[in-house]
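# Tertiary structure, described
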Amino acid sequence: MAATTTGQIQIPPAGTYTLDRARSTVAFTTRHMFGAGKVTGSFAVASGKVVIADPPTGSSVYTEIRADSFDSGSRLRDKDVHSKKFLHVEKYPVITFRTTEVRREPDGNWTLVGTLTARGVGAPVELAVTSATSTGAALSITAAGTVDRYAHGITGSKGMAARRLRIEITATATRVPQPSPQTPTAARA
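In this report, the structure presented in the accompanying data block is examined. (Residues numbered from 1 in each chain as written. Predicted model: local features only at pLDDT ≥ 70, side-chain atom pairs only at ≥ 80, totals over all residues. Heavy atoms only, no water.)

## So, the packing of aromatic side chains
Tallied over the entire structure, the rule returns three aromatic pairs. With a centroid separation of 4.8 Å and an interplanar angle of 15°, the aromatic rings of Phe28 and Phe70 are classed as stacked. Of this pair, Phe28 sits in strand 4 (residues 25–32) while Phe70 sits in strand 6 (residues 60–71), and the two are 42 residues apart along the sequence. The buried category is assigned to Phe28, whose relative accessible area is 2%. Ring geometry for Phe43 versus Phe70: centroids 5.4 Å apart, planes at 70°, classification edge-to-face. Of this pair, Phe43 sits in strand 5 (residues 37–52) while Phe70 sits in strand 6, and the two are 27 residues apart along the sequence. With respect to class, Phe43 is no different from Phe70; both count as buried. Stacked on the ring of Tyr150, the Lys or Arg Lys158 has its end atom at 5.1 Å from the ring centre. (Phe/Tyr/Trp six-rings, centres within 6.5 Å; stacked < 30°, edge-to-face > 60°. Helix = DSSP H or I, 4+ residues; strand = E, 2+ residues; numbered from the N terminus. Buried < 20%, exposed > 50% of the residue type's maximum accessible area, 1.4 Å probe, protein only. Lys NZ or Arg CZ within 6 Å of the ring centre and 35° of its normal.)

This is the structure in structure tokens:
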């Protein structure tokens with residue numbers, strides 16, 4: 001299937017795509033100090049897979065994020081977030097996202113509905129796909145949503161640290177080559 005365009009989203013050809021860790025990130029924005037200060041930062045993507053189906057509503061996404069890669073630019077804050085008080089990265093080194101549904105909205109936009117598991121607790125999250133393009137074997141997707149840390153049992157520093165984080169995922173993936181069918185001669189060899 002060739003790439004097709006729906007609204008501002010280009011649906012890539014059907015197939016399996018592997019995330020490029022070096023070109024994929026999870027950026028976040030949240031508040032601290034009773035909402036007075038803005039905190040931005042990122043997580044590193046450890047691995048992931050995107051399966052584009054035909055029809056696209058049958059597609060799926062699975063990704064693993066390194067919990068210890070939380071980086072806000074403040075060593076003191078980052079150390080606190082890595083601790084048992086927040087992410088407890090020694091016990092829960094990986095944050096995962098797995099789709100349960102890929103939904104086309106009435107306005108033509110797409111939503112990735114799934115389960116985000118952090119600190120061993122899964123909770124539903126919806127990510128609005130804000131862009132998707134494919135060029136050759138490469139696929140680029142950007143999606144954004146809001147995560148409620150309390151839903152994962154991460155309740156440290158109530159009031160001092162915001163309950164919700166706005167996240168934006170930027171992912172680049174490469175299509176996994178399909179094995180070519182064997183010819184009868186090659187099958188006998």
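## Section: the pairing of strand 7 (residues 94–104)
Where strand 6 and strand 7 come together, five bridges link them in antiparallel fashion. Its bridge partner being in strand 7, Glu64 is matched across the sheet by Thr96. Relative to strand 8 (residues 110–118), strand 7 runs antiparallel, the two being bridged by eight bridges. Its bridge partner lying in strand 8, Glu101 is registered against Val113. Where strand 7 folds back onto strand 8 in an antiparallel hairpin, the turn is made up of five residues, including Gly108, whose phi is positive at roughly 95°. (Pairing = 2+ DSSP bridges.)

## A short note on unusual backbone geometry
Looking along the chain, the bond that leaves Asp54 and enters Pro55 is cis, with omega of 15°. Even without being a glycine, Arg119 presents a positive backbone phi close to 55°. Mapped onto the secondary structure, Arg119 falls in the loop between strand 8 and strand 9 (121–135). The class of Arg119 is partly exposed, set by a relative accessible area of 21%.

Scope: geometric values only; no functional claims are made or implied.
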